Structures are given as structure tokens and as C-alpha cells.
Amino acid sequence: MGLALEDERALEEEVTLPKAQVFYSQYEYVVGYYGVETFVDAQRSPGHTQRFGYPLTIYVTDYSSTGVDLTAEGHPTVETEPAWHTAENAWYVSGSDAAAPGGETVVPFSTRADAEAFAEDHDGTVLTWDALLEAEFETDEPAAVRDRVDGQHRDADRRVDAVAALRERPVSTVVGEDADTIQAAIDDAPRNTTVLVPDGEYEERLEIDRPLTLAGEGTVTIDGGGNGTVITATADRTAIVGLEVVGSGSERLGTGELPGDDDPDGDEDEAWDERFEGNYAGGDAGIGLHTAPGSLVEDVTVDSAASGIVLRRSGDSIVRNVTVHSPENPEDGHAGILSFRSPFVLEESTVTDGRDAVYTHRSHGSVVRDNRLEGNRLGIHLMHTSDSLLADNRLRNQSNTGIYIMTGPERNAVVDNEIRNVGDFALFPSGSASYVADNLLADSRVGLRVDATDTLYERNLLAGNDIGAQTRAMLPTNQVVANDFVDNGVHATAGTGPLRLWSEGGTGNYWQGTTTLPGEDGPGGTLDRAYSPTAPVDQRLHRVDGTPTLSRAPGLEALAGLQGTVPGMRTGSIVDLEPTCEPNNPDLLADTEWEDRAWSCGGPNPNDRP
């Protein structure tokens, strides 16, 4: 706990971050924490003791006699690996220059003298264990990701405005008047001007090596003849607008040097990454932006045989109002839109029939919004990409996964998306410290895969799925609150691990079937106890006649009471301590086919429904 996989991979080998490891009374595994402050925050969280029990023994890394020093970033380095020391007998330096990737970190020492010496060299205050448990720390929480969503939209608007002027460059060269071919016109055009391409079909492959705008007038089709990338740009602030691009080559993997490699702008830190970049970003495409930051692709249609649009090391570029048609067989194509080390904005676009409709790799801070993705294998696929915003996208009929975030990223926001009819997972976010809210996840095998850590899931509607939510995260560090589960075959399932509490601060989730039990005065009572979607009886409340009455059997109520008072007894299950009486996001539920399947307290008995 306490360190995202992406951050862990990025640390230099000599860095040795402070750690704690905790043996709990009701959890069979040792829990390790990067940062003693991470444990201090975790043990304060609601339900922590109920999930794990109480700490039997806590050990921390001991920086006494290690030759500890700090890098320029504040990361601790040592000459000798730290030993383990009991937490209660250690001394801690808080508020020093020491830092982990997520912020400040506390440095433990077995002796007070060593702690004081470190504080003298690197600032900070020396604390006992008891004082440390009372200290406050600034942590990067998913709530901060939620609070910055509006700001990310505004920043995306600013980025779009920054390239809008590229459409207004003066026309310097007209194909057919000033030059016989488009390439000749590009070669003749002065920098920062527009090459105008009149209505017609052109069989050419194009290369743009300086800042220009390539603009179509009327219906303009550029056919690459089935060989290589049709349009390649290697200059910053390139604009490609108003064109149809067809006839790219079908090679999905590249070989040799990539365009623009004579002047790379990236951080080549791993041979594996270099090979990966050459292969994935070097395949054929309709349009390839290579080392072309600040560029614009707008009002373009691409009929792709491999990838549609590739951005490599072309940050702050904008792709908007484009349509990409990929090969109908996903195995024949690659990505509709591929972004490699290129934070970009993709908006108001359509991608169909691709392997991955949108694929990003190390493109931190990207914004993908207001797009329509239909019939792909994966809709939006984020790899090694953090701090991004996926918003207001509509995804239909992806054969595998709608939105898939993987390889340990952090602080991504996934909001206001509609994902329907997916073969496997509608939404599968991994990583940590992210925010997932206000999404409609419907008609899929699994609506939501809860696989991330320290992530906030709220106000999502999970409806009509075989399984509403499936949690496999080993440690229950997520907040899953104020979501609505309606008309799923099973509302939620859980893998191995301790008890997951899906309620926070007196608010739980809405589970269709739990708020319509027969009351003393007739149908329409409310569930006056905790609800467990993984319990054999509770999970059938919305599906099987007679289950509501059975759920009130004295024996079951006594067992539930016992489980609720013994820490860790509900291992491998989900419990909502405060199931809500009405849907939490009625606006999202309104005008859907499930609106009449959600009953509030006092509503009809579900077993009497048509």
C-alpha cells in the first residue's frame, strides 16, 4: 500500500523508501505500507478495524546506521539496507525534506540521537510513536481528483483554443494552381502558411516537415495506395483539416528508426520502452504525428487498414471531430487512435470496428471526452497513463472491455460515460487514487470491475448486467458509495480477501430489492439492517419470490449480527451498512429502461411487479 505501481517502476534503484509492515488480528496476510504515514492514515479510516481487526505487531524500517541521505527529489538513499524495528519503540522525523513520489514521508530511527541528527540536517520534527499517531499528513486522495474535474475540462478548452488559430493561417499554395501535386505544394509552401487542396481524389503519400496547415476544400480524398502511412508530420504545430484519408498500409508493427528520431524530445529510460514504441507507434497509419507537438487534426475521416491516427511524442495536440473506420476483424487492425508519450485532447470523434478504439501509452494528462466508440474490441485503453480525464463518452458493443485502465496508473477521473452491451467488462479501472463517478454501466457481463486501490466510486448506475460489480482488489481501500444497482443478475461478487465495507459516513448504495420488503403495514417496507450482495439470501432479494421474508428469519438475523460484531468474520464478502432507501442518481436512471424497476421505500413489492 501507499505507492502506485507506476511510481514504483519509475524510482531509481538506489532509492529506499520508508516502510511499515503490520500483522493484524483478523487478516491472514502481512500488510505492507510504503510510508509509515500511509499506515497512520489507513488505521484512522472508517471500518478499518472491522475489515482487518487490530494490529498485533507493527514493524518499521530503521534508518539508524544506514548512512541515509536524500536525492534532489527528497527520496531517501542508504549505504546499508535498513533493518526492521518495532514501531512503538522507534523515533520518527516528520515534516523534513524527505519525500516519496506522492508527497512527504516520515523517516523512522531506532535511536533518538539518530533521529535528531537527521532532523538537524534535513529539517523536520522528532516524534514518538504516540505523537505520530496524532499527526496530520497531506495525502493525495481520490477526492482531490474529483475536485479537479472541472479544471481539467477548462484546461482542455484552453488547449483546444491554443491550436484553433492553425486553421486561420494564410493560404500560400493551392494544389493544381501553384503546384501539380500535394507534396510539391507542401515542399514549396513557406512556414506557418496553408496548403489548400481543392475537391478531388489524390493518390499520394505525404510528408510534412515544417509547421504548415494542410486543408481540404470540398470533398478531398487522399489515397496512399495501400503502402505505409498516408500522411506523416514531423513538425510542431502541424494542422491537418477537412480531408478523407484512405489506402494506408496494413503493417501493425514498425521496424527500424521512427520519423523524427533524429531530434527526439522524450525520456528514453528503458530499452523495453524503446522497442515497444518502435513497434506500436511505428506501424502504418492514415495519419502519423511523430515529434509534432501542438498539432491539430480536425474534420478528418480515416479508413484504416492498421492504425487510424498515431501521435508519438506530440504532446498538447488536439484530435477533434474525426471519424476512424478500422478493419471489421479486430485482429487485422491495431488502434483507431494511438497516443504514445503524447498528452492530447480527443473530442467529438467516432471510432468503429477497431482492436482498440483509443490507446494511450505514457500520455499523462490526456483528456478523452464526448466521443462515440462502437463495435471495437476495447473502447478506451489506457496503459501507463495517469492524471487523465475520460468524460462523456458513449461506448456501445465493445466485444471485450469498454474502458480498460491498466499497468498501475493513478489519479485518473472516469466520469459521465455511458457504456452498454460489452462482452466482458463495461469498466475496468486499475491503478490507484482515481475517481469513478456518474457512469452508466449496462447490459454487460460485468458492469464494474473494482480492481484499483484507494479509489472513489460514487453515483454510478449499474443496470441490466449479469454481474453489477465484481471486486478482486485484495485490500479493501476503496470507497464504493452512493451507487445504484438495478436489475442485475447478481448485484455484486467478491474474490478472496477481507470484508469490504461499501458505505461511508452513514451513506451506502441503492440495491434494487432491498428497500421493498414486506412491512408490518403491507408491501413497501424497508430493509432495516445491513445488506450483503454476496450473501446467498441477500443476493436473491430482487430475483426470487419469498426471499424477502426468508431474509428476516431469526436465525439469519442472529448470524448477521454476530458477523457484524466480529472483525474479519465476513472474509471474502461485501457488506453495505447503510443501504439507501432510494436511488442516489435519479437523473441518470431517468428515461432508461430501468426507471420503473427501481422502487423507493414505500413503493410496491418487487414480487408483485408485472
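What counts and how
Residues numbered from 1 in each chain as written. Predicted model: local features only at pLDDT ≥ 70, side-chain atom pairs only at ≥ 80, totals over all residues. Heavy atoms only, no water. Pairing = 2+ DSSP bridges. Helix = DSSP H or I, 4+ residues; strand = E, 2+ residues; numbered from the N terminus. Axes fitted to C-alpha atoms, helices over the stretch in contact; angles between N-to-C directions. Phe/Tyr/Trp six-rings, centres within 6.5 Å; stacked < 30°, edge-to-face > 60°. Lys NZ or Arg CZ within 6 Å of the ring centre and 35° of its normal. Salt bridge = Lys/Arg side-chain N within 4 Å of Asp/Glu carboxyl O. Buried < 20%, exposed > 50% of the residue type's maximum accessible area, 1.4 Å probe, protein only. Patch = residues over 30% accessible without salt bridge, like charges linked within 9 Å, V, L, I, M, F, W, Y side chains within 5 Å. Areas by Shrake-Rupley, 256 points an atom, 1.4 Å probe, with all protein chains shown as cover.

(A) The arrangement of the sheet that holds strand β34 (residues 401–406) in detail. Strands sit in the order β15-β18-β20-β22-β25-β28-β31-β34-β37-β40-β43-β46 across an open sheet of 12 strands; the sheet is parallel. Every interior strand has two partners, whereas the edge strands, β15 (206–208) and β46 (490–494), have only one. Pairs of neighbouring strands in the sheet enclose a mean axial angle of 10°, with direction left out of account. Pairing analysis gives 4 bridges linking strand β40 (residues 446–450) to strand β43 (residues 467–471), with the strands arranged parallel. Bridge assignment links V450 to a residue of β43, and that residue is T471.

(B) Up close: unusual backbone geometry. Even without being glycine, R313 reaches a positive phi, approximately 50°. Relative to the helices and strands, R313 resides in the loop between β22 (307–312) and β23 (317–320). In this structure, A482 is a non-glycine residue whose phi angle is positive, near 60°. By the element assignment, A482 lies in the loop between β44 (479–481) and β45 (484–486).

(C) Here's a closer look at the packing of aromatic side chains. Following the criterion strictly, the structure yields 13 aromatic pairs and no others. We note R445 situated over the ring of F425; from NZ or CZ to the ring centre the distance is 5.2 Å.

(D) Structural view of the pattern of salt bridges. Counted by the stated rule, this structure contains 32 salt bridges. Two residues, R320 and E298, come together in a salt bridge whose shortest N-O distance is 2.5 Å. One end of the pair, R320, is in strand β23; the other, E298, is in strand β21 (residues 296–303), and 22 residues separate them in sequence. Take R320 and E298: they sit in the same class, and that class is buried. Its salt-bridge partner being E348, residue R320 comes within 3.5 Å of it at the nearest N-O pair. Linking R320 in strand β23 with E348 in the loop between β26 (344–347) and β27 (350–352), this pair joins segments that are 28 residues apart in sequence. A cluster of three or more residues bridged by salt bridges with shared partners is formed by D157, R167, E298, D299, R320, E347, E348 and R369.

(E) Structural context of the pairing of strand β20 (residues 285–290). Where burial is concerned, most of β20 is hidden: 6 out of the 6 residues are buried. Looking at chain direction, strand β18 (residues 231–233) and β20 are connected through 3 bridges and run parallel. Of the residues in β20, the one forming a bridge with I231 is I287. Across 5 bridges, the pairing between β20 and β22 is parallel. Paired with I287 across the bridge in β22 is I309.

(F) Region of interest: a nonpolar patch on the surface. Taken together, the side chains of F23, V30, Y54 and L56 define a hydrophobic patch exposed on the protein surface, amounting to about 380 Å² of accessible area. Checked against the element boundaries, F23 lands in strand β1 (residues 19–24).

(G) How the structure looks around the sheet that holds β1. Strand order in the open sheet formed by 4 strands is β2-β1-β3-β6, and the pairing between neighbours is antiparallel. Bordering the open sheet on either side are β2 (31–34) and β6 (83–86), each of which pairs with just one other strand. Sheet twist, expressed as the average angle between the axes of neighbouring strands with direction ignored, equals 30°. With 4 bridges connecting them, strand β3 (residues 55–62) and β6 associate as antiparallel partners.

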